[in-house]
Amino acid sequence: MAKSVFSTNFDSSVPAQINPGQASLTGVQLFSGLGPQGNQFANQFLRSATGNVVTLTLQDLPTHTTIDLDFLFAAIDSLDGTGQFPSGDFFKITLDGQQIFRESFANSEPSRIQSYSPPAGVELARRQNLGFSGPGGYYTDSAYNLGADPRFRNIPHTASTATFTFQIEGEGIQSLADESWAMDNLKVSVNAGSAEVKGLVGDVIRIDLNQELEQQNQSLILKSLPDSQKGRLVDEQGRGGVIGSRYSILYYVPNVDGSIGEYGKSKSHRGIGTASFKLQNQQGEDLSIDLDIKDGFSTFSGVNAVKTGNGQLDIYTQEQRLAYLGFPQKNGNALIVDGKDNGNEFGWAADLFDGVVNGVNKIQGGSLPLDNKLSFLGQSVINASNAPRWNEIRIGTIPFLDIFRGNLQTERFGSDWAFKALENAASLYYYVANSSYSNPFTTRLQTNAITIKSGGDNSHTGHETGLEIDIETPGMDTYVVGGNFFKEIEINNISYVAGQEQNSVVVRMPDGTYDDVPQNAIPSNARMLKGSEAFNRENILRDISELIVDNPSVNYDLSLMRSTINTFLNYQPIGVKKIYFNDPRTWDMPNVEFSGWVSTNGNQQGHNGHMHVWIQPPTPIF
């Protein structure tokens, strides 16, 4: 890749890097406008008499293998070319003392021989009156774009300094009034023969070969492929790169670890690090693209943001991002990045991602269609910096958290959004329970269900998107005498809901209301409320909320339960959509309610022995 190290148009002054000798700045006269667009004689150039040496010295050059020289050359007045006396007007250029160019130029009589035969595109004017001592006879001028001569390209050079000299020499040199030369738009560039492209492993990385390698509208021949252990090349249609084929644009797909990551831990992507591949331009020069791939992914505004169309390259970019974020196939295995739209592979991962970002708890039989593609919101959030990741937790993953059945628990997978909230709650609960309660119902928060490895259908009617967390609480999920959050009293081998007073029970009055009365003063027209009748009955629990008391036999404490709920409600980065719990004394808290559901055996269920937390997706950050 060419990198400019020096450039001047001589319009204001002679740069410090140039020792002009006897040369000086002079108006370009009728040379003005000669040259290709963007590189034309204008204003002033550096004019020198023959015999004078102009020296350009450059220091601290970057690492390179070749050097390029580019300038406009003015052959002024009666230069005599090669032949008999007066002759010997040779333009000589050296680099670090070594001659790189020596050719004669002739402007005088047409019979004079000029050794320099310009390649196509170099000659701008020949033996014309361009304003110096003109017109006619010996006093015509010529103009050349010597930077377009291939001999000034890719000159072997590796030193950190470079010294160029420019001089017209020979037996025919004469005074400035008789003949001279000038240069304009002098530029020097160095070439490493390669370009470094930086990228992120969660992206499919676009490489504009012409731009990176500073080639001019060329299709370059692919000479080698990058290490397949690191990544692969695809073209603009998503087809694999083929050695010997020509390309202007290629895409690099780093090898990404598509497995489900453990929450809070980085995955080891094979595509991170360096890789390279080689090309050849139309001049037969070997070029190299050196890739430097780091962890991360591009957001909405980046050139490598995910493409959301249906083409093979678009699918590649979606698969790459979903795999990076850990979203699996329907069987729970890692997503395969191959640009193919497979319903149980890419399609499942896209639908699961959609379910998470849309905040739904079901993707099978839910409100979102299983359509094997990203929704409108999904297309946006996949390019957000806080896009969700699909993670697992294990024993020790989250401090101060216990997992029911530990690593044998099959429902310990979900979105990192849920795990962030869980991590915050676990640490706060541990502090509150152990500092404010002498006998908390548990010293550490315990989860007993999130979702299965692949998401989707499981033992719950929800929990399919990893946004829902079940937190173990005192009490049983199925009715057990004396095993509920509310206290019960056993009378004649029947368990009744205990009232707030000693030896009192909750009774149902004839008008359908409930009251708390002593056991020895129960009205004849009232009926004691059985514990089994109140269990998982939302309306009854609501009606008796001011009558029930905590059950000491399971160590239930309402104040600690409310503190536990608040650890989720008060976490600002991740909101709570709903919290379901059976104790009606918590239903005054924001978004806390009963939410019974019908189990697979047809029985009405609630949340008597566990608290159900449903996470609200955060606002995308772009």
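Residues numbered from 1 in each chain as written. Predicted model: local features only at pLDDT ≥ 70, side-chain atom pairs only at ≥ 80, totals over all residues. Heavy atoms only, no water.

### Here we look at the overall build of the protein
In step 1: When helices and strands are tallied, the protein shows eight helices and 37 strands.
In step 2: A globule of 622 residues ought to have a C-alpha radius of gyration of about 25 Å, yet the protein, at 41 Å, is considerably larger.
In step 3: With respect to the three principal axes, the spread of C-alpha positions in the protein is 140 × 45 × 40 Å.
In step 4: Split into buried and exposed, the 622 residues of the protein put 53% on the buried side. (Helix = DSSP H or I, 4+ residues; strand = E, 2+ residues; numbered from the N terminus. Rg over C-alpha atoms; globule rule 2.2 N^0.38 Å. Buried < 20%, exposed > 50% of the residue type's maximum accessible area, 1.4 Å probe, protein only.)

### Thoughts on the sheet that holds strand β22 (residues 286-294)
In step 1: What the five strands build is an open sheet, ordered β14-β22-β21-β16-β18; its pairing is mixed. If you trace the sheet from one side to the other, it starts and ends with β14 (194-200) and β18 (246-247), each paired once.
In step 2: Direction of pairing for β14 relative to β22: parallel, over a ladder of seven bridges. Within β22, the residue paired with E196 across the bridge is D290. (Pairing = 2+ DSSP bridges.)

### Concerning the nonpolar core
In step 1: Of all hydrophobic cores here, the largest spans 109 residues; its most connected members are F277, I289, L422, I544 and F568.
In step 2: The greatest single-element share of this core, amounting to nine residues, is contributed by helix α5 (residues 416-436).
In step 3: Not counting residues up to four positions away in its chain, the partners in contact with L422 are I393, I398, L401, L445, I469, I471 and F568.
In step 4: Counting 35 residues, the second-largest nonpolar core is a separate cluster that includes V54, L61, Y116 and I168. (Core = buried A, V, L, I, M, F, W, Y, C linked by side-chain atoms within 4.5 Å. Contact = heavy atoms within 4.5 Å.)

### A short note on α5
In step 1: With 21 residues, α5 extends 30 Å from end C-alpha to end C-alpha; this agrees with the ideal 30 Å at 1.5 Å per step.
In step 2: Those residues of α5 that fall on the buried side of the exposure criterion are D416, W417, A418, F419, A421, L422, N424, A425, A426, Y429 and A433. (Expected span 1.5 Å × (residues − 1).)

### A word on the pattern of salt bridges
In step 1: A full pass over the atoms with the stated rule returns 22 salt bridges.
In step 2: Taking the shortest distance from any N to any O, the salt bridge between R153 and D70 comes out at 3.7 Å. Here R153, found in the loop between β10 (141-145) and β11 (155-156), pairs with D70, found in strand β6 (residues 66-77); they are 83 residues apart in sequence, far enough to count as distant.
In step 3: Note that E169 is salt-bridged to R102, the shortest N-O span being 2.6 Å. Here R102 lies in strand β8 (residues 98-104) and E169 lies in strand β12 (residues 162-169), a separation of 67 residues in the sequence.
In step 4: Residues participating in the shared-partner salt-bridge network are E262, K265, E392, R394 and R412. (Salt bridge = Lys/Arg side-chain N within 4 Å of Asp/Glu carboxyl O.)

### Focus on the sheet that holds strand β19 (residues 249-254)
In step 1: On the basis of which strands lie adjacent, the open sheet formed by three strands has the order β15-β19-β17 and antiparallel pairing. The strands lining the two open edges of the sheet, one partner per strand, are β15 (205-208) and β17 (231-234). Strand-to-strand twist in this sheet, taken as the mean axis angle between neighbours without regard to direction, amounts to 30°.
In step 2: With four bridges joining them, β15 and β19 adopt antiparallel strand pairing. Paired with R206 across the two strands is Y251, which belongs to β19.
In step 3: Strands in contact with helix α2 (residues 312-324) are β17 and β19; relative to β19, the strand with the most contacts, it is inclined by about 25°. (Axes fitted to C-alpha atoms, helices over the stretch in contact; angles between N-to-C directions.)

### With respect to the packing of aromatic side chains
In step 1: One pass over the structure, following the stated rule, counts 35 aromatic pairs.
In step 2: Plain terms: the ring middles of F91 and F101 are 6.2 Å apart, the flat faces sit at 70° to each other, and that makes the pair edge-to-face. With F91 in strand β7 (residues 90-95) and F101 in strand β8, this pair connects stretches of sequence that are 10 residues apart. Across the pair, F101 and F91 agree in class, each one buried.
In step 3: Summarising the aromatic geometry, the rings of Y479 and F535 are spaced 5.6 Å apart at their centres and angled 65° between planes, so their arrangement reads as edge-to-face. Note that Y479 is positioned in the loop between β27 (468-472) and β28 (488-491) and F535 in the loop between α6 (531-534) and α7 (538-543), a separation of 56 residues in sequence.
In step 4: According to the relative accessible area criterion, Y479 is partly exposed, its value standing at 27%. (Phe/Tyr/Trp six-rings, centres within 6.5 Å; stacked < 30°, edge-to-face > 60°.)

### A short note on the pairing of strand β4 (residues 44-49)
In step 1: Extensive coverage of β4 is indicated by the burial of five of its six residues.
In step 2: Of the pairings in the sheet, the one linking strand β3 (residues 24-27) to β4 comprises four bridges and is antiparallel in character. The residue of β4 that forms the bridge with L25 is L46.
In step 3: Where β4 lies against strand β13 (residues 179-191), four bridges are found, and the strand directions are antiparallel. From the neighbouring strand, R47 faces β13, where its bridge partner is A182.

### Notes on the pairing of β7
Where a strand is regular, its side chains alternate between the two sheet faces.
In step 1: Most of β7 is tucked away: five of the six residues are buried.
In step 2: As defined by bridge partners, β7 adjoins β8 across six bridges and the pair is classed as antiparallel. Its bridge partner lying in β8, F90 is registered against S104.
In step 3: Linking two consecutive strands that pair antiparallel, namely β7 and β8, is a turn of two residues; a positive phi of about 55° is found at D96 within it.
In step 4: The pairing of β7 with β12 spans six bridges and is classified as antiparallel. Each residue of the ladder has a partner; that of I93, found in β12, is F166.

By themselves, these observations are geometric and do not establish any function.
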